[in-house]
Amino acid sequence: MKARVKWIENSTFLGESNSGHAVIMNAATTAGGPTVAPSPMEYLLLGTGGCTSIDVVMILQKGRQDVRGCECRLEAERAPSDPKIFTKINMHFVVTGKDLKPETVQRAIDLSAEKYCSASIMLGKMAEITHSFEIIPA
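In what follows, the accompanying structure is described. Since the model is a prediction, treat every value here as computed from it, not as a measurement.

**Section: the pattern of salt bridges**
Enumeration according to the criterion identifies 3 salt bridges in this entry. The shortest N-O distance in the salt bridge between Glu 16 and Arg 4 comes to 2.5 Å. Of this pair, Glu 16 sits in strand β2 (residues 12-17) while Arg 4 sits in strand β1 (residues 3-9), and the two are 12 residues apart along the sequence. A salt bridge links Arg 73 to Glu 71; the nearest nitrogen and oxygen atoms lie 2.6 Å apart. On the basis of relative accessibility, which here comes to 43%, the residue Arg 73 falls in the partly exposed class.

**Describing the sheet that holds strand β3 (residues 22-26)**
Ordered by their spatial adjacency, 3 strands build an open sheet running β1-β2-β3, and the pairing between neighbours is antiparallel. The strands lining the two open edges of the sheet, one partner per strand, are β1 and β3. Sheet twist, expressed as the mean angle between neighbouring strand axes with direction ignored, is 25 degrees. By the bridge criterion, 6 bridges tie β1 to β2 in an arrangement that is antiparallel. In the strand pairing of β2, Ala 3 is matched with Ser 17.

**Some words on the nonpolar core**
One recurring pattern in soluble globular proteins: nonpolar side chains tend to sit buried together. If you look at the biggest cluster of nonpolar residues, it comprises 16 residues, and the most contacted ones within it are Val 56, Leu 60, Phe 86, Ile 89, Phe 93, Val 95 and Val 105. Put simply, the parts of the chain that give this core at least two residues each are α1 (40-62), β4 (66-78), β5 (86-98) and α2 (102-116). At 5 residues, the largest contribution of residues to this core is made by β5. Beyond its immediate chain neighbours, meaning those up to four positions away, Phe 86 contacts Met 41, Leu 44, Leu 45, Ala 76, Glu 77, Arg 78, Leu 123, Met 126 and Ala 127.

**Concerning the sheet that holds β4**
Taken in spatial order, the 3 strands make up an open sheet running β4-β5-β6, and their pairing is mixed. The open sheet terminates on both sides in strands that have one partner only, identified here as β4 and β6 (128-137). Averaged over all neighbouring strand pairs, the angle between strand axes comes to 15 degrees, with direction disregarded. Where α2 meets the sheet, its contacts fall on β5 and β6, and the angle it forms with β6 comes to roughly 150 degrees.

**Examining α2**
The first and last C-alpha atoms of α2 sit 20 Å apart over 15 residues, in line with the 21 Å expected at 1.5 Å per residue. Within the sequence span of α2, burial applies to Val 105, Ala 108, Ile 109, Leu 111 and Ser 112. Buried residues along α2 cover an arc of 155 degrees about the axis, so they all sit on one side. Away from its buried face, by an angle of more than 90 degrees, α2 presents the exposed residues Glu 103, Arg 107, Glu 114 and Lys 115. Buried residues along α2 sit in contact with α1, β5, α3 (118-123) and β6.

**Section: the environment of Val 5**
For Val 5, the location among the structural elements is in strand β1. C-alpha separation for the pair Val 5 and Arg 107, spaced 102 residues apart in sequence, amounts to 37 Å. Look past the residues within four positions of Val 5 in its chain and what remains in contact with it is Phe 13, Leu 14, Gly 15 and Met 25.

**Section: the pairing of β5**
In the sheet, β4 pairs with β5 via 12 bridges, with the strands oriented antiparallel. Of the residues in β5, the one forming a bridge with Glu 77 is Lys 88. Inspection of the sheet shows β5 paired to β6 by 10 bridges, in the parallel sense. When the bridges of β6 are listed, Val 94 appears paired with Glu 134.

Cut-off values and rules
- Residues numbered from 1 in each chain as written.
- Predicted model: local features only at pLDDT ≥ 70, side-chain atom pairs only at ≥ 80, totals over all residues.
- Heavy atoms only, no water.
- Salt bridge = Lys/Arg side-chain N within 4 Å of Asp/Glu carboxyl O.
- Helix = DSSP H or I, 4+ residues; strand = E, 2+ residues; numbered from the N terminus.
- Buried < 20%, exposed > 50% of the residue type's maximum accessible area, 1.4 Å probe, protein only.
- Pairing = 2+ DSSP bridges.
- Axes fitted to C-alpha atoms, helices over the stretch in contact; angles between N-to-C directions.
- Core = buried A, V, L, I, M, F, W, Y, C linked by side-chain atoms within 4.5 Å.
- Contact = heavy atoms within 4.5 Å.
- Expected span 1.5 Å × (residues − 1).
- Arc of directions from axis to C-beta.

Spelled out as structure tokens, the structure:
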């Protein structure tokens, strides 16, 4: 895997992936200041949520579950001083489907967390990651 990050101006950068996609990244120059795009740490959190959500949906689909929606709501805490790494992350899944069983959804989340999601397994080496979920009948 390869990528490139190019400085645009001020605190704005363009990230380009090897697959040809691009994202703008930005950081506030002052605490709480304005930004024009997510920060790299926000992208890291979003990428982790995307990675595990893809796993959960695919596992449920392979198990012939009638899953119709999946939302992963993430909340993270960071260390107060540099490097301000993630120290805690909670992933709350809202899974919509027909006749979904809690134990099946839990198993999909566990498989992602323990075996498949490279991003969350990597972050779990530094941060305490917890999972919760709710099922909304379709």
